[in-house]
Amino acid sequence: MSFPFSKGITRALATALGVTALLAGAAGCGGSNDSGAKSGDITQQTYEPGSLTVATGQPTYEPWVIDDKPETGKGYEAAVAYAVAEKMGFKKSQVKWTRTNFDQAVAPGAQKDWDMNIQQFSITPERKKSVDFTPSYYNETQAVVVLKSGKYADTTSVNDLKDGMIGAMVGTTSYDFTASKIKKDIKTFNDNAALAQALSSNQIDALVIDTPDAVNMVQTGQVKDAKIIGQLPGSEDKEGMGIVLPKGSPLTQEASKAMDALKKDGTIQKLQEEWLKEYTTDIPKLKN
């Protein structure tokens, strides 16, 4: 009488143990996969998992982006973005481009619908409070653009500009260097297009902008009959330009490691020689 009872208990116990083992195994597998998704595969930690959304300005200008088409990878910033993406493990086909306003991209608390943003953002302590940065990919200088027919066309000294109306884009290092090197009373503009128009229409006597943009502005005729009179002495941005990421982004560490690797292996220098050389050489420095 006792044997059938013992046999039933044994079968029940075996079944229970089997179910417990299966559940434990399933839980173990699920935990491993969750951990991998969180820390193992960077491509799944993006704004749109599986893709890397990179933002830039609207519009973009040479030499940063050629023909306003960052998806081609032509232009210094477009090329840098793709190089960083590749180092992070993204294929070119996984990179998606979008456009943003400059100020909104670094505004505190603003919602970010992108993973990285590249449009000549200088790294500053104030901006670091709102967004993350990679190490710099370029340390620009500032140059002064005037009209060939203007009263400052033959100026070679910063001091000579102090009586003029100087323009710069608001919230930029161009503005900061103008205020520190020339004068504090500066007329500000929201974007480079408005800045160029102001010089063309004689609203200002000169504008200050980073040197590659100054060269492009003159070469492409954004300001007709304009010239660069020189670079501001001591205006090299020691912090440089960095790629912006949302504050606390899970991608910041990997993007920063990628930038460091590209600088170490010479890729950043090669890209600068390819896209920026003609925009930065043979431009004199103004005297103090």
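See above for the structure.
Residues numbered from 1 in each chain as written. Predicted model: local features only at pLDDT ≥ 70, side-chain atom pairs only at ≥ 80, totals over all residues. Heavy atoms only, no water.

With respect to the overall build of the chain
When you go through the chain residue by residue, the secondary structure sums to 10 helices and 10 strands. Going through the 288 residues of the chain one by one, you find that 48% of them count as buried. If you take every contact in the chain between residues at least 6 apart in sequence, the share linking residues at least 24 apart comes to 71%. Accessible area of the chain: about 14700 Å², with a carbon and sulfur share of 51%. (Helix = DSSP H or I, 4+ residues; strand = E, 2+ residues; numbered from the N terminus. Buried < 20%, exposed > 50% of the residue type's maximum accessible area, 1.4 Å probe, protein only. Contact = heavy atoms within 4.5 Å. Areas by Shrake-Rupley, 256 points an atom, 1.4 Å probe, with all protein chains shown as cover.)

Quick word on the packing of aromatic side chains
A full pass over the atoms with the stated rule returns 6 aromatic pairs. When the centroid spacing of 6.2 Å and the interplanar angle of 70° are considered together, the rings of Tyr 76 and Tyr 138 count as edge-to-face. With Tyr 76 in helix α2 (residues 76-88) and Tyr 138 in the loop between β4 (131-133) and β5 (142-147), this pair connects stretches of sequence that are 62 residues apart. With respect to class, Tyr 76 is no different from Tyr 138; both count as buried. Note on Tyr 82 and Trp 97: the rings are 5.9 Å apart at their centroids and 70° apart in plane angle, and the pair reads as edge-to-face. Here Trp 97 lies in strand β2 (residues 95-99) and Tyr 82 lies in helix α2, a separation of 15 residues in the sequence. A residue is classified by how much of its surface remains accessible, and Tyr 82, at 12% relative accessible area, is buried. The side chain of Lys 92 reaches across the aromatic face of Tyr 82, ending 5.0 Å from its centre. (Phe/Tyr/Trp six-rings, centres within 6.5 Å; stacked < 30°, edge-to-face > 60°. Lys NZ or Arg CZ within 6 Å of the ring centre and 35° of its normal.)

What to know about unusual backbone geometry
In this structure, Pro 59 follows Gln 58 across a cis peptide bond, with omega equal to 0°. Here Pro 59 lies in the loop between β1 (52-56) and α2. Between Glu 62 and Pro 63 the backbone carries a cis peptide bond, its omega angle lying at 5°. When you line up the elements, Pro 63 lands in the loop between β1 and α2.

So, the packing of α2 against helix α8 (residues 252-264)
Closest axis-to-axis distance for the α2/α8 pair is 9 Å, and the angle between their directions is 110°. As far as their axial angle goes, α8 and α2 are roughly perpendicular. The chirality of how α2 crosses α8 is right-handed. On the side of α2, the interface is formed by Val 80, Ala 83, Val 84, Lys 87 and Met 88, while α8 contributes Glu 254, Ala 255, Ala 258, Met 259, Ala 261 and Leu 262. Tallied by class, residues from the contact of α2 with α8 come to 9 nonpolar, no polar and 2 charged. (Axes fitted to C-alpha atoms, helices over the stretch in contact; angles between N-to-C directions. Parallel < 35°, antiparallel > 145°, perpendicular 65-115°, else oblique. Left-handed = near helix turned anticlockwise from the far one by under 90°. Nonpolar A, V, L, I, M, F, W, Y, C, P; charged D, E, K, R; others polar.)

Overview of the nonpolar core
Tyr 76, Val 80, Val 84, Met 116 and Tyr 137 are the most contacted members of the largest nonpolar core, which totals 33 residues. If you list the elements that add at least two residues to this core, you get β1, α2, β2, α8 and α9 (267-275). Tallying contributions element by element places α2 first for this core, with 9 residues. Core analysis: the second largest hydrophobic core is formed by 15 residues, Leu 147, Ala 196, Ile 209 and Val 223 among them. (Core = buried A, V, L, I, M, F, W, Y, C linked by side-chain atoms within 4.5 Å.)

A closer look at the pattern of salt bridges
On inspection of all chains with the given rule, the structure shows 6 salt bridges. With a shortest N-O distance of 3.0 Å, Glu 48 and Lys 96 are connected by a salt bridge. One end of the pair, Glu 48, is in the loop between α1 (2-39) and β1; the other, Lys 96, is in strand β2, with 48 residues separating them in the sequence. In this structure, Asp 265 and Lys 87 form a salt bridge, with 3.5 Å as the shortest nitrogen-oxygen distance. In this pair, Asp 265 sits in the loop between α8 and α9 while Lys 87 sits in helix α2, placing the two residues 178 residues apart along the sequence. For Lys 87, a relative accessible area of 44% gives the class partly exposed. (Salt bridge = Lys/Arg side-chain N within 4 Å of Asp/Glu carboxyl O.)

Description of the sheet that holds strand β7 (residues 187-189)
Within the open sheet, the 5 strands sit side by side as β7-β6-β8-β5-β9. Their pairing is mixed. In this open sheet, the two strands that pair with only one neighbour each are β7 and β9 (226-231). Shown here is a sheet whose adjacent strand axes are inclined to one another by a mean of 30°, direction ignored. Two strands pair when backbone bridges link them, and β5 and β9 are joined in this way by 5 bridges, in the antiparallel orientation. Looking at the pairing, Leu 147 lines up with Ala 226 of β9. Along the sheet, helix α5 (residues 173-181) makes contact with β5, β6 (166-169), β7 and β8 (206-210), crossing β6 at roughly 150°. (Pairing = 2+ DSSP bridges.)

A closer look at α8
Over its 13 residues, α8 extends 18 Å from the first C-alpha to the last, a length consistent with the 18 Å expected when each residue adds 1.5 Å. On its buried side, α8 packs onto α2, β3 (116-117), β4, β10 (244-246) and α9. One or two steps after α8, the chain reaches Gly 266, where phi turns positive at roughly 90°. (Expected span 1.5 Å × (residues − 1).)

As far as function goes, none of this settles anything; it's purely spatial.
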